[in-house]
Amino acid sequence: MSQPKKFVLLGATGSIGENTLRVLRKHPDKLKLIGISAKKQVNKLAEIAHEFSVPFVCLESPPSSEISFAKGTELLVGQEGIEALASLSEAEVVVVAVVGAAGLLPTLAAVKAGKKIVLANKEALVVGGELVTEAATRYGATIIPADSEHNAVFQCIQGQSGNSLDSIVLTASGGPFRDLPIEDFKKVTLEQALNHPNWSMGKKITIDSATMANKGLELIEARWLFDLPPEKLEVAIHPPSLVHAIVRFVDGCCLAQLSPPSMTFALQNALLYPQRAPGVEPSLDFSQPLDLSFSPPCYEKFPCLRFAKDALEQGGTAPLVFNAANEIAVEAFLRNRIGFLQISDIIGHSLNTSSNKPTGSIAELLDLDGQVRQLATSRIEQLA
Ligand code: MG
């Protein structure tokens, strides 16, 4: 029998991290966790380290209280620590489940170490798609998408020749406000926005689903993962989230991937690829009626999706601006500082006031990212 795959999990305490651990509990003979990181949740990280006897642990800053990791556990800290973990020589696979643009640097570190990267963070590609994909080619790293839509595309194109792919349709549930009349959007509360009909996810991505900014980020992510021009990337509203993506080939035939709306399916596929093994949860039940309906998205109700499409078409640094403004706006909405409609207002304002440039070095990207965040923050102060 082959040795278990050694892997590192960056962002172990979030929702993707938890689902990755469910896959690991199911397949302890196939996977071995050797490194974990978290931003702030020290106790939860310590529990994970104990449960799986993880030798390397990383926190954003040194823990304030005395925390007991198992004997022999090495504690790493900060940006240097997470990048060391991302390039750990013993690791074959690095799962990047860090939230937001903070995923960029560890993803690049893993790429430069030539790892197999199970990418659950979309912002790394949204912000630094060109840099990351070029570096992946140069350093022989492989990126396996773990976002459910992109993993679905990844599954559908296996065994197909590269030039046979025509276009991709990413499905979207439409979130909690799919059927809300446009005039009621101004009354949307934080509580309503956090109540996703199908998926149980972290707060940031749940709000992104309610505004459909998430699908916009996914379009940009798909552009880099599958090397297709913007006009070949589509969105279809599919309320039950059973079909995760549809791939259209040049001959007009379409393939789709179906599974229940839980992240364990995509994560297990990405982690065990090219192997398949019994899943954590039951598959779809076709003895019951299943709704497989699709419809086009409404851009008037979801301006964030329109802004993301515009940013994708403009290219350059526009996707970075879209993402940075969105992160700041969502954070403010989560803290009840702005209303739901102001999220798109802040994104639109940031895109209008930042000039679009070709993407430069990582330092230039991070610098611009900081500028856009400041711009968005002062816009919030004006609005508040
Ligand atoms: Mg997704």
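Residues numbered from 1 in each chain as written. Predicted model: local features only at pLDDT ≥ 70, side-chain atom pairs only at ≥ 80, totals over all residues. Heavy atoms only, no water.

Peer 1: Any chance you could explain the coordination of the magnesium ion here in plain terms?
Peer 2: Geometry sets the ideal angles at a metal, namely 109.5 degrees for four tetrahedral donors and 90 or 180 degrees for six octahedral donors. Taken together, Asp147 (OD), Glu149 (OE) and Glu218 (OE) make up the protein donors of the magnesium ion, found 2.1 to 2.3 Å from the metal. Summarised as a motif, the one-chain spacing of the donors to the magnesium ion is D-x1-E-x68-E. Of this pair, aspartate 147 sits in the loop between β7 (142-145) and α6 (148-156) while glutamate 218 is found in helix α9 (residues 213-226), placing the two residues 71 residues apart along the sequence. Comparing aspartate 147 with glutamate 218, the two get one shared label, buried. (Donors = N, O, S within 2.8 Å, 3.2 Å for Na, K, Ca; no water. Helix = DSSP H or I, 4+ residues; strand = E, 2+ residues; numbered from the N terminus. Buried < 20%, exposed > 50% of the residue type's maximum accessible area, 1.4 Å probe, protein only.)

Peer 1: What's the story with the pattern of salt bridges in this structure? I'm lost.
Peer 2: Two side chains carrying opposite charge are able to pair once their charged atoms lie near each other. According to the stated counting rule, one finds 22 salt bridges in the structure shown. Residue lysine 215 pairs with glutamate 218 through a salt bridge whose shortest N-O separation is 2.7 Å. With lysine 215 and glutamate 218 both in helix α9, this residue pair falls 3 residues apart, about one helical turn. Like glutamate 218, lysine 215 is buried. A salt bridge links aspartate 310 to arginine 306; its shortest N-O distance comes to 3.9 Å. On the criterion of helical spacing, the pair formed by aspartate 310 and arginine 306 is a turn pair, its members being 4 residues apart in helix α11 (residues 303-314). Aspartate 310 gets classed as partly exposed once you look at its relative accessible area, which sits at 27%. Arginine 306 gets classed as partly exposed once you look at its relative accessible area, which sits at 34%. Counted as one network, the salt bridges with shared partners bring together Lys122, Asp147, Glu149, Lys215 and Glu218. (Salt bridge = Lys/Arg side-chain N within 4 Å of Asp/Glu carboxyl O.)

Peer 1: Would you mind going over the packing of aromatic side chains with me for this structure?
Peer 2: To describe a pair of aromatic rings, one takes the distance between the centres and the angle between the planes. By the definition in use, this model includes 6 aromatic pairs. Taking the centre distance of 4.9 Å and the plane angle of 70° together, the rings of phenylalanine 154 and tyrosine 273 count as edge-to-face. One end of the pair, phenylalanine 154, is in helix α6; the other, tyrosine 273, is in the loop between α10 (263-272) and α11, and 119 residues separate them in sequence. Ring centres of phenylalanine 177 and phenylalanine 340 lie 5.3 Å apart, and the angle between their planes is 80°; this geometry places the pair in the edge-to-face category. Remark: phenylalanine 340 occurs in helix α13 (residues 340-353) and phenylalanine 177 occurs in the loop between β8 (165-172) and α7 (190-193); sequence separation between them is 163 residues. (Phe/Tyr/Trp six-rings, centres within 6.5 Å; stacked < 30°, edge-to-face > 60°.)

Peer 1: Would you explain the sheet that holds strand β10 (residues 243-249) in this entry?
Peer 2: The strands making up a sheet are joined through hydrogen bonds of the backbone, oriented either antiparallel or parallel. Strand order in the open sheet formed by 4 strands is β9-β8-β10-β11, and the pairing between neighbours is mixed. Here the strands that pair on one side only, and so sit at the sheet edges, are β9 (233-237) and β11 (254-258). For this sheet, the mean angle separating the axes of adjacent strands, direction not counted, is 20°. Bridge analysis of β10 against β11 gives 5 bridges, and the strand direction is antiparallel. Bridge pairing links arginine 248 to cysteine 254 in β11. Along the sheet, α6 makes contact with β8, β10 and β11, crossing β10 at roughly 40°. (Pairing = 2+ DSSP bridges. Axes fitted to C-alpha atoms, helices over the stretch in contact; angles between N-to-C directions. Contact = heavy atoms within 4.5 Å.)

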